[in-house]
Amino acid sequence: MRLRTVLATTTAGLAAATCLTAAAGPANASNSVTANAGNTLTTNACSPSVSIDRFSDALDKTTYDGTFVGNFSALAVDKDGSIAALEDRSSLFDLNAKTLQPKRVVPLADENGAALDSEGLAIDRDGTRLITSETEPSIRRYSADGKILDRLPVPSSLLVAPAGRAVSNQTFEGLTLLPGGHTLLASMEYPIAGDTSGAVRFQTWTRTKGDHFKLAAQYAYKPDASFLGVPEVQALPDGRLLVLERGFTSGVGNTVRLYLADPRHATNTSGIDTLTGQPGVHLIKKTLLADIADCPTLGATAKQPQPNPLLDNIEGMVITGKEKGAYKVLLVSDDNQNAVQTTRFYYLRVRV
């Protein structure tokens, strides 16, 4: 989602991930995370559960093959170990896992050749790309070279008004395949009209023959405040989720929080017309892992006011592996091709 100017706005191994070089931050940051006897992260800690190794601004305001490198809204680990980086202006980049330098860019479009507001990305077991667009919203399956192979059904209530009750530019942002690859989950960014409880809908699909997907259960997740949306979700091997909450306050900056969420005992809300906080509807349980504003700055600078100069408009997240009991999590910010924002990659260690 592009920057708002007011309030509002799986797992795969990467053996080379620890070799990535930061464009800023301590030179020895890749070796700066340790664990104490209580299994908590202690060095460069953002919280007892989350630590930051380093960050990189290497791709900020660069171009590749005539395409602006930025506007990143989602990340995924490809089958060859490279990083797939989706930008919300209809391009999908392949990035070198060691250097982050682009290796290829593929243009994306809808069935009529029109641009997408591409926000969510998951790479399926056959290497095809599942990609959301906020415009309708939609989820399409693309080949690695950008050809449309399939389009998934979307509940009518989640369509943008007047077809449904969703608000334009506030729809499918996060996308992830649950363990086993049989279930796909997409997160709405903000509530749909009528859902006065402030909860957002998480929609799932189950795999059918021919690697198609059909509509399945839906769950409700409530962000901390009305100006916080859900830009990304990532599934853990046990079925729990890492969830990002993100918002922007003009003159103050970004709020970005990382949560552990468990949808396994939540109410299926697909048959509930409006979520008003009614009793008996069990929301997805969540636990705060870290507020990114509490991370050490690592020498980062910001081009506009921020609670922590490390912060920017973080939208993308992917789990890149696990090491010494901690998940390696890569985040990226969407610079909106804006001079006062930065394309920044963040390397976290997360214990759950």
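Note that the structure is a prediction, hence the values are computed from the model and not measured.

### Here we look at the sheet that holds strand β16 (residues 229-235)
- Strand order in the open sheet made by the four strands is β16-β17-β18-β19, with antiparallel pairing throughout. The open sheet is flanked by β16 and β19 (285-291), the only strands paired with a single partner. For this sheet the average axis-to-axis angle between neighbouring strands, irrespective of direction, equals 25 degrees.
- Two strands pair when backbone bridges link them, and strand β18 (residues 253-262) and β19 are joined in this way by six bridges, in the antiparallel orientation. Its bridge partner being in β19, D262 is matched across the sheet by K285.

### Regarding the sheet that holds strand β8 (residues 118-123)
- Spatial ordering of the open sheet is given by β8-β9-β10-β11, a layout of four strands whose pairing is antiparallel. Every interior strand has two partners, whereas the edge strands, β8 and β11 (148-151), have only one. Each strand axis lies, on average, 25 degrees off the axis of its neighbour in the sheet, ignoring direction.
- Inspection of the sheet shows β8 paired to strand β9 (residues 129-133) by four bridges, in the antiparallel sense. Looking at β9, one finds that L121 is bridged to I131.

### Concerning the confidence of the model for the protein
- Mean pLDDT for the protein: 90, with 88% of residues reaching 70 or above.
- The model gives residues 1-39 a pLDDT under 50, and that stretch makes 115 contacts with residues more than four places away or in other chains.

Cut-offs applied
Residues numbered from 1 in each chain as written. Predicted model: local features only at pLDDT ≥ 70, side-chain atom pairs only at ≥ 80, totals over all residues. Heavy atoms only, no water. Pairing = 2+ DSSP bridges. Helix = DSSP H or I, 4+ residues; strand = E, 2+ residues; numbered from the N terminus. Axes fitted to C-alpha atoms, helices over the stretch in contact; angles between N-to-C directions. pLDDT = per-residue confidence, 0-100. Contact = heavy atoms within 4.5 Å.

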